[in-house]
Amino acid sequence: MEAMEDQDYTYFDYDNDTNFSYYDYHTVCDKEEVRSFAKVFLPIMYALALVVGLAGNSLVVAVYIYYKRLKTMTDVYILNLAVADLLLLLTLPFWAVDAVNGWELGVGMCKMTSALYSMNFGCGMLFLACISVDRYLAVSNGAAARAVRRRHCLLVCLLVWVVAFVLGLPDMVFTTVKHGVVRKSCIPVYHTSMARPTKATLEILEVVLGFLLPFLVMIFCYSRVARALQNIPDVTQGKKWRAFKVLLAVVGVFIATQLPYNIVKFCRAMDIIYALVTQCEVSKSLDIAMQITESLALSHSCLNPILYAFIGASFRQHVLKVMKSLGQRRRRYRHRNEPPVEISLNSHSASEDTTTFTM
């Protein structure tokens, strides 16, 4: 969990031009402002993401399980994306409590929660790339590639989950509960001899696999899809423009939510390698920027159902069926448990006789 990886203090050794968080350095940077900001900001953002994201992604999973068949490869990828987003969102209550009170759930839960977060965050980004590739193949090759895509779909899904599991392994291995000066923290702890290269390598790897690769794949595939749609003669101009708007929304939301977060992650990696941050205020600003941009990146899990599922006409019809079914069940339950209602026909005075009847 990147946002809460800050220590109680950062120790700067200006003589050796380093700024890694160990307790044998000379100049102390108190992070009380960072912790105070996190205690208020992160629980609010995580609560919003949890409520909205759980509702949207749970509805996607429910529709695919009970109402809509997995007819296309994109359907399979969207279902896997919703599952990854749900698993990611379910870790947020633990991080919200950690932001307020520190980590009090032990080393085992610390490792598992950190690994689930990293695994499903990366998994979601990779499934976004898979969706863009499948849409590109569907438009460019049509029915010729349908059998090949279907045959390799499960293999691709398995490969994505394996890669995501590998991304979560470092958190499973290195993350532990560290007793700081003020509170306990669930953070990665590396051996002194390997701390700098390991942390920098992991940060850059996450940027490449979690952002740069999906981004390049999406740009390539959706630009080709847009070009192919433009050259299809039997599609009306209105339908083409609606399809283009969807593509622009998908790419635009991905850039708006993920680019700031990955820029901050890349800056942190460069700081680890080249020791760029040597001032306390800059270090605190970087920590707060990480909290804000990571919360923004998490919002993509809430927007995925809208971008990849609800925009489809057939899926919207299934969603309406789900909502109608839930409404009917609620009405039946309410009528079953509704007590008799007494209505007074004459109640001008408490002392007057009143006539009532029961519905």
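Please read these numbers as outputs of a predicted model, since none were measured by experiment.

Q: Go over the overall build of the protein chain, please, and point to the residues and values.
A: Regarding its fold elements, the protein chain presents nine helices and six strands. For the protein chain, buried positions account for 45% of its 359 residues. A separation of at least 24 residues holds for 74% of the contacts in the protein chain among residues at least 6 apart in sequence. Here the protein chain displays about 18800 Å² of accessible surface, and carbon together with sulfur accounts for 65% of that area.

Q: Which residues make up the UniProt feature "transmembrane region" (unreviewed entry) in the protein chain, and what values do they have?
A: Within this structure's numbering, the places UniProt gives as "transmembrane region" (unreviewed entry) are residues 44-67, 76-95, 115-133, 153-174, 204-222 and 243-261. Between the C-alpha atoms that bound residues 115-133 there is a distance of 27 Å. The span itself is 100% helix and 0% strand.

Q: Describe the packing of helix α2 (residues 73-89) against helix α8 (residues 280-310), and please don't skip the residues or the numbers.
A: A pair of packed helices is characterised by two quantities: the angle between their axes and the separation of those axes. Direction vectors running N to C along α2 and α8 enclose 155 degrees, while the axes themselves pass 10 Å from each other. Classified by the angle between their axes, α2 and α8 sit roughly antiparallel to one another. When you trace α2 past α8, the crossing you get is left-handed. Residues Ile78, Leu81, Asp85, Leu88 and Leu89 of α2 pack against Leu298, Ser301, Asn304, Tyr308 and Ala309 of α8. The class makeup of the residues in the contact of α2 with α8 is seven nonpolar, two polar and one charged.

Q: Residue-level account of helix α6 (residues 195-230), with values.
A: Its 36 residues give α6 an end-to-end C-alpha distance of 51 Å, which sits within 8% of 52 Å, the value for a rise of 1.5 Å per residue. A bend of about 35 degrees at Val208 is the largest found in α6.

Q: Explain a nonpolar patch on the surface to me, using residue names and the numbers behind them.
A: Judged by side-chain polarity, Met112, Leu155, Leu158, Val162, Phe165, Val166, Leu169, Met172 and Val173 come together as a nonpolar surface patch covering roughly 820 Å² of accessible area. Counting residues per element, the nonpolar patch draws most heavily on helix α5 (residues 146-174), at eight residues. For Leu158, the position within the fold is in helix α5. Accessibility expressed as a relative area gives 53% for Leu158, which makes it exposed.

Q: Describe the side chain of Thr113, with residues and values.
A: Considering the arrangement of structural elements, one finds Thr113 in helix α4 (residues 106-141). Accessibility expressed as a relative area gives 3% for Thr113, which makes it buried. Non-local contacts of Thr113, meaning those with residues more than four positions away in its chain, are made with Thr91, Phe94, Trp95 and Trp103.

Q: Quick rundown of the state of the cysteines? Include the residues and the values.
A: Scanning the entire structure with this criterion turns up two disulfides. Disulfide pairing is shown between Cys110 and Cys186; the S-S distance is 1.9 Å. Judged by the sign of its S-S torsion, about 95 degrees, the bond between Cys110 and Cys186 is right-handed. Of the two residues, Cys110 is situated in helix α4 and Cys186 in strand β4 (residues 184-188); the sequence distance between them amounts to 76 residues. Exposure class is identical for Cys110 and Cys186. Each is buried. Along the protein chain, the cysteines that take part in disulfide bonds pair up as 1-4, 2-3, counted in sequence order. This cysteine, Cys123, is not joined by any disulfide, and Cys130 carries the nearest cysteine sulfur, 8.7 Å off.

Thresholds applied
Residues numbered from 1 in each chain as written. Predicted model: local features only at pLDDT ≥ 70, side-chain atom pairs only at ≥ 80, totals over all residues. Heavy atoms only, no water. Helix = DSSP H or I, 4+ residues; strand = E, 2+ residues; numbered from the N terminus. Buried < 20%, exposed > 50% of the residue type's maximum accessible area, 1.4 Å probe, protein only. Contact = heavy atoms within 4.5 Å. Areas by Shrake-Rupley, 256 points an atom, 1.4 Å probe, with all protein chains shown as cover. UniProt positions renumbered as here; feature names shortened; annotations may be inferred. Axes fitted to C-alpha atoms, helices over the stretch in contact; angles between N-to-C directions. Parallel < 35°, antiparallel > 145°, perpendicular 65-115°, else oblique. Left-handed = near helix turned anticlockwise from the far one by under 90°. Nonpolar A, V, L, I, M, F, W, Y, C, P; charged D, E, K, R; others polar. Expected span 1.5 Å × (residues − 1). Bend = angle between axes of the 7 residues up to and from the residue. Patch = residues over 30% accessible without salt bridge, like charges linked within 9 Å, V, L, I, M, F, W, Y side chains within 5 Å. Salt bridge = Lys/Arg side-chain N within 4 Å of Asp/Glu carboxyl O. Disulfide = S-S within 2.5 Å.

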